[in-house]
Amino acid sequence: MSKQEEKQVNNDKFLDATLRPQKWHDYIGQERIKNNLKILITAAKERNHPPEHLLFYGPAGLGKTTIANLVAKELGAQIKITSGPAVERVGDLASILTNLSPGDVLFIDEVHRLNKLIEEVLYSAMENGSLDIIIGKGPSARTIQLELPPFTLIAATTRIALLSSPLRSRFSGGTFRLNFYSVGEIKKIIQRSAKILDIEIGDEAATEIAIRSRSTPRAANHFLKRCRDFAQVNKKPLDTECVKEALSLLEIDEVGLSQADRELLKTIITKFGGGPVGLNTIASAISEEEATIEDVYEPYLIQLGFLERTPRGRVATPHAYLHLEINLPEDEQHKLL
Ligand code: ADE
């Protein structure tokens, strides 16, 4: 990464933290989850005890980390943040847990990437509030039990199916699925972010960004900043035309698909007759990791109705052909009627 790019990434990270809602009132959408969490938090505060452990899942960019920060804030608790891949050894987890203060929130992102040995240590910490550590090996091995301060674990994952069922069942505070946002909700998020960043943007231009934001706040905020840059450099107002130009320069099309999304669909259609084709075959054909395809590309393509996951593999739908302006085989045309 060049120095310039690094500066841009750091600047974006700073802006992302600035844009993060600090109160329920500022958190747009996910109403059912918010209502449940408000009750959980209020009840826990009244009892003067941390809420039970929570699990959030759903596609990337929908605000799982944002919601974890908000829960901690509403509880008036400190949040300690780590992720599945960062916890490499049982000792890492033991150190994190024993350093918690009473009432802390521990946030583990990408929890599906914890290894199984560590998961097992986590069970007892979640259930009994204690840490069972085996010291030594063979006949002289013994278990010591460390009492932990009361804490709330908030875990997030894009891949709930990869969590073992014993781990899943220990999130007794609740398991919540974050849904894609409506265009109206994304538009509100864009307007809120524009206000914070002091960006002047018209109603129509905000709608245009919202339509292309893949129903996710992360993409919406990213596009807003890139459109602002484009308007500034070209000395133009940030209107609809400017949004269209800026986003087409980024190769984002009218429904929010990127070049990579389109390549994935095109590969299924042109190389594999529209499917069904296995995930591993697609991954090799476009030189991308299977996990990235499943976590990053597919959820929105499925949401748009451009892709289907079937037991025999992935299938491009007639709507995908139409969007990419590829002729649909004659025997499939009735599906568009
Ligand atoms: N940023 C990320 N998610 C958000 C949301 N749901 N509302 C407002 N800003 C957000």
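Residues numbered from 1 in each chain as written. Predicted model: local features only at pLDDT ≥ 70, side-chain atom pairs only at ≥ 80, totals over all residues. Heavy atoms only, no water.

Points about the domain arrangement of the chain
(1) Moving on: According to the domain assignment, the chain consists of domain 1 (30-177), domain 2 (183-249) and domain 3 (259-336).
(2) Moving on: The straight-line distance from the C-alpha centre of domain 1 to that of domain 3 is 36 Å.
(3) Moving on: The interface is formed by 4 residues belonging to domain 1 together with 4 residues belonging to domain 3.
(4) Moving on: When domain 1 packs against domain 3, close to 320 Å² is buried across both sides, 44% of that on carbon and sulfur atoms.
(5) Moving on: Inspection of the region where domain 1 meets domain 3 yields 2 salt bridges.
(6) Moving on: For Arg-159, the salt bridge is made with Asp-295, and the minimal N-O distance between the two is 3.3 Å.
(7) Moving on: Summed over the shared surface of domain 1 and domain 3, the result is 3 residue pairs in polar contact (both at pLDDT 80 or more). (Domains from an automatic or database assignment. Contact = heavy atoms within 4.5 Å. Buried area = accessible area lost by both parts, 1.4 Å probe. Salt bridge = Lys/Arg side-chain N within 4 Å of Asp/Glu carboxyl O. Polar contact = N/O pair within 3.5 Å; in protein donor to acceptor, adjacent residues only side chain to side chain.)

Looking at the packing of helix α2 (residues 31-47) against helix α3 (residues 64-75)
(1) Moving on: α3 packs onto α2 with a crossing angle of 30° between their chain directions and a minimal axis gap of 10 Å. Judged by the angle between their axes, α2 and α3 are roughly parallel. Handedness of the α2/α3 crossing: right-handed. Counting all contacts with α2, which are made through Ile-33, Leu-37, Ile-41 and Lys-45, the residues of α3 involved are Ile-67, Val-71, Glu-74 and Leu-75.
(2) Moving on: Its residues placed into classes, the contact of α2 with α3 shows 6 nonpolar, no polar and 2 charged. (Axes fitted to C-alpha atoms, helices over the stretch in contact; angles between N-to-C directions. Helix = DSSP H or I, 4+ residues; strand = E, 2+ residues; numbered from the N terminus. Parallel < 35°, antiparallel > 145°, perpendicular 65-115°, else oblique. Left-handed = near helix turned anticlockwise from the far one by under 90°. Nonpolar A, V, L, I, M, F, W, Y, C, P; charged D, E, K, R; others polar.)

Here we look at the packing of aromatic side chains
(1) Moving on: Taken as a whole and assessed by the stated rule, the structure comprises 2 aromatic pairs.
(2) Moving on: Between Phe-56 and Phe-176, the aromatic rings sit 5.6 Å apart at their centres with planes inclined by 25°, giving stacked as the arrangement. Residue Phe-56 is located in strand β1 (residues 54-57), and its partner Phe-176 is located in strand β7 (residues 174-177); the two are separated by 120 residues in the primary sequence. Note on accessibility: Phe-56 and Phe-176 belong to one class, buried.
(3) Moving on: When the centroid spacing of 6.2 Å and the interplanar angle of 65° are considered together, the rings of Phe-180 and Tyr-300 count as edge-to-face. Here Tyr-300 lies in helix α13 (residues 290-304) and Phe-180 lies in the loop between β7 and α7 (183-196), a separation of 120 residues in the sequence. For the pair formed by Phe-180 and Tyr-300, the shared burial category is buried.
(4) Moving on: The lysine or arginine in question, Arg-170, covers the ring of Tyr-123, its NZ or CZ lying 4.5 Å from the ring centre. (Phe/Tyr/Trp six-rings, centres within 6.5 Å; stacked < 30°, edge-to-face > 60°. Buried < 20%, exposed > 50% of the residue type's maximum accessible area, 1.4 Å probe, protein only. Lys NZ or Arg CZ within 6 Å of the ring centre and 35° of its normal.)

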